[in-house]
Amino acid sequence: MTTKTKYLKKYEKEMNMCIRCAYCFEKCPVIKEAQWDTDGARGKVILSYGLLTGELEPSQYIADKLFRCTFCRDCLDRCPSKVSILEIISSARADLVNAGYASDTHKHVINNINNTGNIYGDTEVISQERDGKTPLFIGCQYLGRPNKTKKYIKILEKLGIDPVVENEMCCGYPMEVLGFREDFEKHKENFKKSFPYKDAITLCPTCTVFLREGHRIDAKHVLQVILEKLPKANLGMKVTYHDPCDFSRGLKIIEEPRKILEKLGVEIVEMKNSKENSRCCGGGGGILMTDQDLSGDIARKRIKEAIETGVDILVTSCPTCEQVLKKAATEIGESEGKNIVVRNIEDIIWKAVKSI
Amino acid sequence: MKIDVNKLKEIVGEDNVRDNIADLYVYSSDASVHSSKPDVVVRPGSVKEVQEIMRYANKNKIPVIPRGAGSGMSGQTVPLSGGIVLDMKHMDKIIEIRPEDVICKVEPGVVNDELNGQLKPYGFFFPPTPASGKICTIGGMIGNNASGIRSVKYGATRDAVIGMKVVLANGDLVTLGSNTKVDSSGYQLAKLMVGSEGTLGVVVEATLLISPLPKFRAMGVANFATLEDAGKMISNVIAAGITPSMLELMDNVAITAVNNAQNLGLPDVDAIAVFECNGMVKEAVEYDMKRIKEICKKNNGTGIRISDDPDEMTRIYEGRKKLFPSLSKYREGLFTTALADDMAVPMSKIADTVHEIHEIAKRNNVVMSAYGHCGAGLIHTKILMDTSKKSQWQGAKRAVKEVYDYVHKVGGTTSGEHGIGFSKGPAFKQEKKDSLELMKAIKNALDPNNILNPHKLMDSPDDWLTATPLRYQVNTK
């Protein structure tokens with residue numbers, strides 16, 4: 001056992017529970033692209049075990065492998081031994097960061113959070129501060145997309161919800177997932193001061209998960225909140241729906257977006273892999289920052305699956321999925337002449353409620 | 001012999017060769033207890049590349065170990081003396097599907113369930129159904145003669161492989177077998193390759209028999225207060241001329257583990273039998289299920305449930321398929337090890353063997369489960385133990401030997417479907433002692449330099465425990 005594994009050592013038993021059956025290969029987006037055992041969830045658990053036992057020394061190569069994960073959670077569903085694979089990977093990342101193997105890109109993002117409270121490092125990115133009754137957590141991804149945020153706030157207002165928005169800071173998820181745990185411990189206290197609520201409505205799927213798991217806040221995603229309040233509409237659209245991983249496998253928010261779309265008169269044509277089996281868009285876990293080729297490969301595969309449904313519009317409910325899939329859709333359109341438009345669900349909802 | 005990595009990169013391209021210590025560490029193990037690193041991992045993408053690699057390796061006497069998903073449980077793909085691991089996952093094309101001939105041709109890296117997904121629109125499937133079907137490759141299934149939960153009706157991989165292309169140790173490409181179900185003349189070399197664990201050649205294409213998808217299917221579960229009753233039920237079903245498509249047994253250890261890991265809510269009984277019938281005629285399926293139900297009752301089965309609800313069947317089926325890895329959830333501090341894991345015994349000896357397995361476990365201070373495709377005579381056992389304790393490994397070693405001694409005594413065989421590798425080497429050599437020299441002669445004729453997956457089967461070390469380092473951290477106490 002080495003002293004370099006401050007965070008991994010907690011998981012020795014978990015790693016022994018992994019019987020290396022490889023069931024986690026089944027839908028892992030990274031191994032499906034890379035096709036090397038080292039790149040799958042099992043490979044990452046084995047590498048972590050090697051770091052823990054000292055059979056492997058930390059290296060840039062190992063760090064690169066352990067950072068090639070989208071945190072899509074599919075392996076957690078596949079693993080029959082219920083090994084905490086993502087906790088092991090994030091602990092290994094934390095130990096590697098402590099050993100000096102953080103990427104410059106990741107360091108930059110973390111410095112941004114430390115210095116400005118958001119991932120962009122932009123003090124001009126300010127939340128839509130407002131008084132109200134129900135706490136609303138915007139999250140960095142929506143802070144960087146003010147028009148979308150405004151739209152969601154208007155939707156809430158039209159449905160009788162009066163949100164209070166603070167001058168909030170990042171929930172800290174990037175710190176946790178990118179292995180900057182010591183930064184997160186410090187950030188956690190500041191976060192608590194900036195957002196002193198026990199429950200909240202959220203806009204971003206990942207923030208929703210992390211407010212619950214990292215801060216013990218009873219977070220409800222805006223789609224869960226508005227489902228019952230939305231009036232029926234007849235938009236007459238036909239779309240396919242991409243489940244964000246933090247919804248389909250994290251929070252099990254699978255039916256709510258579908259029910260909303262159905263309520264608004266939108267017909268859904270499901271992709272081959274949908275709901276619990278939805279494929280990752282390739283945007284999570286930090287790979288969008290450090291491995292855009294891999295991220296793009298995964299995203300293009302998902303877009304091709306969406307195109308196979310025969311519809312012209314793909315709807316999703318996560319800003320990162322939207323961004324990654326939009327880029328992939330443009331690339332597929334240019335290279336293969338097959339087109340699909342990617343839209344966020346709030347656009348569809350707004351279309352239906354703006355005239356209320 | 002130092003391996004010329006640049007030479008290998010010339011053959012397959014730089015992106016398809018890895019020799020970083022991290023990759024070698026990952027490729028040093030599979031789902032067995034063993035660990036031993038290769039010198040390099042190479043990912044061929046064509047038959048020609050495989051041939052060139054083999055020519056290079058043969059000339060330089062470098063071991064070559066073909067590998068699929070690396071889900072083998074006995075160390076089949078663990079390289080004892082280094083060498084080249086050939087990761088075959090890149091050769092994953094379905095070459096052709098010929099429903100009119102009831103065959104398909106595939107590359108070895110095709111995943112079993114992906115093949116089934118492609119066959120489904122034609123109304124066919126590939127019958128061997130290993131629990132690992134969602135990730136295991138056809139090449140791996142051929143190497144180990146895998147079968148699975150439907151072997152009671154459809155047999156094993158060997159029954160479904162009728163032809164193949166194989167790259168031999170010297171790099172020559174040979175076509176074996178035929179495109180027909182019957183092929184009477186000459187040595188059945190394609191069948192010989194099946195189960196040879198990559199010791200005789202590298203399979204680069206396989207011709208497989210496919211079967212029409214059954215139109216109707218029903219599944220049943222029965223509880224038994226004693227293993228003896230469950231064993232008799234299984235024996236009676238087969239003897240009655242019924243051909244279920246699945247006839248499985250789970251002992252109490254397995255039941256507890258599945259409940260803990262998958263929250264299935266199975267009753268706390270000594271044994272549960274899970275059975276399935278399928279076919280093209282609904283009444284025939286119902287008739288067989290009715291007969292099995294009667295046999296369950298005759299043997300004191302209780303809580304008998306029969307269902308043709310797809311959700312219910314999927315729940316039972318998936319629960320069974322995930323049994324092996326679920327065993328780690330049996331009790332805190334005990335970990336599943338794939339040891340003594342797939343013997344087969346004559347049908348009438350199933351109950352006695354399961355009973356004996358539990359006695360052996362008690363004597364050696366380990367926990368052993370027993371479950372499996374008992375309708376085909378196959379029993380899976382796993383040893384659950386604290387893998388950090390040396391004394392537990394010694395107990396496991398004694399238990400493995402005692403289990404196989406008993407299995408051989410009652411006329412059973414060492415491995416029904418998982419293969420030999422290192423873990424079952426000693427028992428295999430004991431069981432097959434009369435044919436070891438014949439096997440060595442065949443191996444020598446095809447691979448005189450002994451480069452193809454050496455130290456496996458009849459050449460495996462005499463002590464599995466010291467054959468390779470264990471992949472677990474073991475304290476010296």
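Everything numeric here is computed off the predicted structure, so don't read it as measured data.

### Things to note about the overall build of chain A
Here is step 1 of the chain: Scanning chain A for helices and strands turns up 19 helices and 8 strands.
Here is step 2 of the chain: Relative to the 2.2 N^0.38 estimate, which gives 21 Å for 356 residues, the radius of gyration of chain A is 20 Å and therefore close to what a compact globule would have.
Here is step 3 of the chain: Expressed along its principal axes, the backbone C-alpha trace of chain A runs to roughly 65 × 45 × 35 Å.
Here is step 4 of the chain: Taking all 356 residues of chain A together, the buried fraction comes to 53%.

### Points about the pairing of strand 8 (residues 341-344) of chain A
Residues and elements named next belong to chain A.
Here is step 1 of the chain: Of the two faces of strand 8, the one lined by Val-342 and Asn-344 is fully buried and the one lined by Val-341 and Arg-343 carries no buried residue.
Here is step 2 of the chain: Summarising the sheet, strand 7 (residues 313-316) and strand 8 pair through 4 bridges and their orientation is parallel. Paired with Val-315 across the two strands is Arg-343, which belongs to strand 8.
Here is step 3 of the chain: For the segment spanning strand 7, helix 18 (residues 319-336) and strand 8, crossover handedness is right-handed.

### Brief notes about the pairing of strand 9 (residues 173-177) of chain B
Residues and elements named next belong to chain B.
Here is step 1 of the chain: Where strand 8 (residues 161-167) and strand 9 come together, 5 bridges link them in antiparallel fashion. Looking across to strand 9, one finds that Gly-163 is bridged to Gly-177.
Here is step 2 of the chain: What sits between the antiparallel neighbours strand 8 and strand 9 is a turn of 5 residues, in which Gly-171 has the positive phi angle 95°.

### A look at helix 15 (residues 255-263) of chain A
Residue and element names in this part refer to chain A.
Here is step 1 of the chain: All of the buried residues in helix 15 are Pro-257, Ile-260 and Leu-261. Take helix 15 and look down its axis: the buried residues cluster within an arc of 95°, on one side only.
Here is step 2 of the chain: Considering only its buried residues, helix 15 is in contact with helix 13 (222-226), strand 5 (237-242), strand 6 (266-268), strand 7 and helix 19 (345-353).
Here is step 3 of the chain: In the segment just after helix 15, Gly-265 is the residue with positive phi, at about 75°.

### Considerations on the sheet that holds strand 4 (residues 84-87) of chain B
Sheet strands line up and pair through hydrogen bonds in the backbone, either parallel or antiparallel.
Residues and elements named next belong to chain B.
Here is step 1 of the chain: Strand order in the open sheet formed by 4 strands is 1-2-4-3, with mixed pairing between adjacent strands. The sheet is open, and its two edges are formed by strand 1 (17-18) and strand 3 (64-67), each paired on a single side.
Here is step 2 of the chain: Across 3 bridges, strand 2 (residues 40-42) lies against strand 4 in parallel orientation. The residue bridging Val-41 from the neighbouring strand is Val-85, located in strand 4.
Here is step 3 of the chain: Contacts from helix 3 (residues 47-59) reach strand 2, strand 3 and strand 4 within the one sheet, and its direction differs from that of strand 4 by about 165°.

### Some thoughts on the domain arrangement of chain A
All names here are of chain A.
Here is step 1 of the chain: When the domains of chain A are assigned, the result is domain 1 (8-98), domain 2 (108-226) and domain 3 (237-353).
Here is step 2 of the chain: Just the C-alpha atoms count here: the centres of domain 2 and domain 3 sit 22 Å apart.
Here is step 3 of the chain: Every contact between the two is made by 19 residues of domain 2 and, on the other side, 21 residues of domain 3.
Here is step 4 of the chain: Of all elements in the fold, only helix 8 (140-143), helix 9 (146-158), helix 12 (205-215) and helix 13 reach the threshold of two or more residues within the side of domain 2 that touches domain 3.
Here is step 5 of the chain: At 5 residues, helix 9 tops the list of elements feeding residues into the side of domain 2 that touches domain 3.
Here is step 6 of the chain: Of the residues contributing to the side of domain 2 that touches domain 3, the split by class is 10 nonpolar, 5 polar and 4 charged.

About the thresholds
- Residues numbered from 1 in each chain as written.
- Chains lettered and ligands numbered in written order.
- Predicted model: local features only at pLDDT ≥ 70, side-chain atom pairs only at ≥ 80, totals over all residues.
- Helix = DSSP H or I, 4+ residues; strand = E, 2+ residues; numbered from the N terminus.
- Rg over C-alpha atoms; globule rule 2.2 N^0.38 Å.
- Buried ≥ 20, exposed ≤ 12 C-beta atoms within 10 Å, placed from the backbone.
- Pairing = 2+ DSSP bridges.
- Right-handed = clockwise from strand over helix to strand, strands pointing away.
- Arc of directions from axis to C-beta.
- Contact = placed C-beta atoms within 7 Å.
- Axes fitted to C-alpha atoms, helices over the stretch in contact; angles between N-to-C directions.
- Domains from an automatic or database assignment.
- Nonpolar A, V, L, I, M, F, W, Y, C, P; charged D, E, K, R; others polar.

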